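One-letter residues, chain by chain:
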Amino acid sequence: MLISCVGDCARLSCSGGSFAKMGAKRTDMKTLIVFNHPYGGSYCNAVLASAEKGLKDSAQPYRVINLDRDDFDPVMRAKDLIAFAGAGRIGEEALETVDEQVMEYKEHLEWAEHLVMIFPIWWMTAPAMTKGFIDKVIFPAIAYDMDKGRLVSRLAIRKVTIITTMNTPADIYKDMFNNSIEGSLIKGTFRQIGIEDVRWISLNGVKQATQDQRTEWLKDIYEYFLGRRSNMAHKAKKPMMNG
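Heads up: these notes are all about the structure in this document. (Residues numbered from 1 in each chain as written. Predicted model: local features only at pLDDT ≥ 70, side-chain atom pairs only at ≥ 80, totals over all residues. Heavy atoms only, no water.)

With that out of the way, let us pick up the overall build of the protein chain. Broken down by element type, the protein chain carries seven helices and nine strands. Out of the 243 residues belonging to the protein chain, those deemed buried represent 51%. A separation of at least 24 residues holds for 81% of the contacts in the protein chain among residues at least 6 apart in sequence. When the accessible surface of the protein chain is split by element, carbon and sulfur atoms take 52% of a total near 11200 Å². (Helix = DSSP H or I, 4+ residues; strand = E, 2+ residues; numbered from the N terminus. Buried < 20%, exposed > 50% of the residue type's maximum accessible area, 1.4 Å probe, protein only. Contact = heavy atoms within 4.5 Å. Areas by Shrake-Rupley, 256 points an atom, 1.4 Å probe, with all protein chains shown as cover.)

Right, here's the structure in full:
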């Protein structure tokens, strides 16, 4: 079931069913995947592998930033805040003090047309490294400029796909825990800098799902990136409170 968000954002939620078989018009774009999960045997890693296979098999150019393997430092330090304040006034000149790794990520962002973020939901929100990527890389003079108080994207990114895993059912996450991904990441970050096409694939009830269901989800992730499917079905499961 398609659950509409603000504007052109779409939330595509799956909790025990599979993606709806809707044909998706393929549009090749340079894809940047930002991945965050420390455990190599996680379901998130299987999602990443399926996404990469879909992109490879459709011969689409892509890159992967693996925050855990990069040992990315997510902490905003004094030098980062000084650069943040300066970048809003004088632009890229203020970036001299930011981490070298952030500047490498800047180059990847500038290359990309489709940004994909894959991470688990821990305590109802994104892990520290994902949050730190937003804080330190979706940054003035890197991802956006200030124009009379407005945030204006300086990137070529036209589409964002967010893929999350959690144990909490979609309705519980939305109604009881206020859906922080929609509020902080979709509305508060990407839409605020002017990226209209934001899609959230929320894989709910992962621990409760059968092996067949998990396998089907991975197949559908593969086909999403291959360019064959654009939607997901939602079937509610019993509440699981520690997503």
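Here we take up the side chain of Ser58. Along the chain, the position of Ser58 falls in the loop between helix 1 (43-57) and strand 4 (62-66). Looking at Ser58, its side chain comes within polar contact range of the main-chain oxygen of Gly54, at 2.8 Å. (Polar contact = N/O pair within 3.5 Å; in protein donor to acceptor, adjacent residues only side chain to side chain.)

Let us look at the pairing of strand 5 (residues 114-120). Counting buried residues in strand 5 gives seven out of seven residues, a clear majority hidden from the surface. Looking at chain direction, strand 3 (residues 31-35) and strand 5 are connected through five bridges and run parallel. Bridging from a neighbouring strand, Ile33 pairs with Val116 of strand 5. Here seven bridges tie strand 5 to strand 8 (residues 159-165), and the two strands are oriented parallel to one another. Looking across to strand 8, one finds that His114 is bridged to Lys159. (Pairing = 2+ DSSP bridges.)

Moving on: the environment of Pro74. Inspection of the secondary structure puts Pro74 in the loop between strand 4 and helix 2 (78-90). On the basis of relative accessibility, which here comes to 23%, the residue Pro74 falls in the partly exposed class. The sequence separation of Pro74 and Lys131 amounts to 57 residues, and the corresponding C-alpha distance is 7.2 Å. Residues within four places of Pro74 in sequence aside, it is in contact with Ala128, Met129, Gly132 and Lys136.

In this model, Trp123 sits at a positive phi of 50°, which is unusual for a non-glycine residue. For Met124, which is not a glycine, the phi torsion comes out positive at approximately 70°. Turning to its location among the elements, Met124 is positioned in the loop between strand 5 and helix 4 (128-137). Here Met124 falls in the buried class, since its relative accessible area comes to 12%.

Attention shifts here to a negative patch on the surface. Taken together, the side chains of Asp70, Asp71, Glu100 and Glu104 make up a negatively charged region of the molecular surface. Within the secondary structure, Asp71 sits in the loop between strand 4 and helix 2. With relative accessibility at 63%, the residue Asp71 sits in the exposed group. (Patch = residues over 30% accessible without salt bridge, like charges linked within 9 Å, V, L, I, M, F, W, Y side chains within 5 Å. Salt bridge = Lys/Arg side-chain N within 4 Å of Asp/Glu carboxyl O. Lys, Arg positive; Asp, Glu negative; His and termini not counted. Charge placed at Lys NZ, Arg CZ, Asp CG, Glu CD.)

Of all hydrophobic cores here, the largest spans 45 residues; its most connected members are Leu109, Leu115, Phe133, Ile162 and Phe190. Setting aside anything within four residues of it in sequence, one finds Leu109 in contact with Leu32, Leu115, Val137, Ile138, Ile142, Leu155 and Ile157. With 20 residues, the next largest nonpolar core counts Val47, Val206, Tyr224 and Phe225 among its residues. (Core = buried A, V, L, I, M, F, W, Y, C linked by side-chain atoms within 4.5 Å.)

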